[in-house]
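Notes for the structure review
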Amino acid sequence: MEVGKISDFRDGCRDAIPICLGYIAVSFAFGIESSKIGMTPFQSMMTSLLNVTSAGQFSALSIIAAQGSFIELIVLQFIINLRYMLMSAALSQKLDPELPMPYRLGISYGVTDEIFGVSVLKKGKLYPMYSYGLIFISVFGWVLGTLLGAMAGQIMPHRLISCLGLAIYGMFIAIIVPDTRKSSAVMAVVASAMALSTLFTYAPIVNHISSGFRIIIVTVAVAAAASVIAPIKEDEDE
């Protein structure tokens, strides 16, 4: 059983620099948003350090702001972050079969979309030391950006904070627009999610459902419908 060398850790740190820079920009927006609902810089920073999930953290803000229940928060995070279980299963195939559980748990902490992408494309076995370097620098950028955003949110004028808060919506739009232009199925999923969200916001009776459960219901309903109506074929997934 081999966990890697210091040189592997340095390689991981080097490969994580682009991820770190991107994380600073995105987590800065999260810090701004968290300050808007009254979270302190320390609370925002610890949220990023303990979660390391952009979509999960941003979605949690609405529940925290509405003083939602822990059940809502748990279910929402489970659904949104379910993909990390599949990523972890894929990464486990690159690890030494005899690698002890503590090392595996250390790697699992930092399984994000970007870290997974870099890890899975690395040739040969995946050594824990390489993963730790990758995670250390990436998470550093995520936490640093959050702290800077939260601190800026406390000292900047409210009008400017509101403007900067739009950055996260711009990021999500930038993510989904290219795919919607390529796939009518993705376009239908986005349009359906928007329509259902509007329905739950303004329609009588259902508009009394808490924001957390609204997100859960919309996510599960649209994803389930898409998987049945427009499943991804195996040759398209390869």
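Residues numbered from 1 in each chain as written. Predicted model: local features only at pLDDT ≥ 70, side-chain atom pairs only at ≥ 80, totals over all residues. Heavy atoms only, no water.

Summing up its helical and strand segments, the protein chain has 14 helices and zero strands in all. Helices (α) and strands (β) of the protein chain occur, in sequence order from the N terminus, as α-α-α-α-α-α-α-α-α-α-α-α-α-α. The C-alpha extent of the protein chain, read off along each of the three principal axes, is 60 × 50 × 35 Å. Residue burial in the protein chain is summarised as follows: out of 238 residues, 33% are buried. A total accessible area of about 14000 Å² is found for the protein chain, and carbon and sulfur atoms account for 70% of it. Distance between charge centres in the protein chain, computed from 15 positive and 16 negative side chains, equals 6 Å. (Helix = DSSP H or I, 4+ residues; strand = E, 2+ residues; numbered from the N terminus. Buried < 20%, exposed > 50% of the residue type's maximum accessible area, 1.4 Å probe, protein only. Areas by Shrake-Rupley, 256 points an atom, 1.4 Å probe, with all protein chains shown as cover. Lys, Arg positive; Asp, Glu negative; His and termini not counted. Charge placed at Lys NZ, Arg CZ, Asp CG, Glu CD.)

With that settled, consider a nonpolar patch on the surface. The grouping of L49, L50 and Y109 at the surface amounts to a nonpolar patch, some 280 Å² of accessible area in total. For L50, a relative accessible area of 62% corresponds to the exposed category. (Patch = residues over 30% accessible without salt bridge, like charges linked within 9 Å, V, L, I, M, F, W, Y side chains within 5 Å. Salt bridge = Lys/Arg side-chain N within 4 Å of Asp/Glu carboxyl O.)

Before going further, it helps to spend a moment on the environment of L144. Mapped onto the elements of the fold, L144 is located in helix α9 (residues 128-155). Considered as a pair, L144 and M45 are 99 residues apart in the sequence and their alpha carbons are 7.7 Å apart.

Moving on: the packing of aromatic side chains. Using the criterion set out here, one finds three aromatic pairs in the structure. Each ring, one from F30 and one from F58, has its centre 5.4 Å from the other, and the planes form 90°; the classification is edge-to-face. Pair noted here: F30 is in helix α2 (residues 17-36) and F58 is in helix α4 (residues 54-65), with a separation of 28 residues, a long-range link. Residue F58 is classed as buried on the basis of its relative accessible area, which comes to 12%. Over the ring of Y130 we find K122, and its NZ or CZ is 4.3 Å from the ring centre. (Phe/Tyr/Trp six-rings, centres within 6.5 Å; stacked < 30°, edge-to-face > 60°. Lys NZ or Arg CZ within 6 Å of the ring centre and 35° of its normal.)

This brings us to empty space enclosed by the protein. One pass over the full model with this rule turns up one cavity of 30 Å³ or more. Approximately 40 Å³ is the volume attributed to the largest cavity. If you go around the largest cavity, the residues you meet are L91, I107, G110, V111, I115, S119, S131 and I135. Where the lining of the largest cavity is concerned, the elements lending two or more residues are α8 (113-121) and α9. By residue class, the composition of the lining of the largest cavity is five nonpolar, three polar and no charged. (1 Å grid on protein atoms, 1.4 Å probe; cavity = no way out; pocket = protein on both sides within 12 Å on 5 of 7 lines; lining within 4 Å. Points joined across faces, edges and corners; volume = space filled by probe spheres on them. Nonpolar A, V, L, I, M, F, W, Y, C, P; charged D, E, K, R; others polar.)

Per the counting criterion, the structure on display carries four salt bridges. Across the pair R14 and D15 runs a salt bridge, and its minimum N-O distance is 3.1 Å. With a closest N to O distance of 3.0 Å, R83 and D113 form a salt bridge. Within this pair, whereas R83 is found in helix α6 (residues 83-92), its partner D113 is found in helix α8, the two being separated by 30 residues in sequence. Of the residues examined, R83 reaches a relative accessible area of 27% and is grouped as partly exposed.

Two cysteines whose sulfur atoms are joined by a covalent bond form what is called a disulfide. All chains considered together, the criterion is met by zero disulfides. Here C20 stays unpaired: no disulfide links it, and the sulfur of C13, its closest cysteine neighbor, is 10 Å away. (Disulfide = S-S within 2.5 Å.)

With that settled, the discussion passes to the environment of L91. Here L91 lies in helix α6. Accessibility expressed as a relative area gives 5% for L91, which makes it buried. Spatially, the C-alpha atoms of L91 and F116 are 7.6 Å apart, while their sequence positions differ by 25 residues. For L91, the residues in contact, after removing those within four places along its chain, are V111, F116, S119, V120 and L126. (Contact = heavy atoms within 4.5 Å.)

Another aspect to go through is the confidence of the model for the protein chain. Close inspection of predicted coordinates is inappropriate in any region flagged by low pLDDT. Residues of the protein chain with pLDDT of at least 70 account for 90%, and the chain-wide mean is 85. Confidence, read as mean pLDDT per element, is least for helix α14 (residues 234-237) in the protein chain (49) and greatest for helix α3 (residues 41-51) (95). (pLDDT = per-residue confidence, 0-100.)

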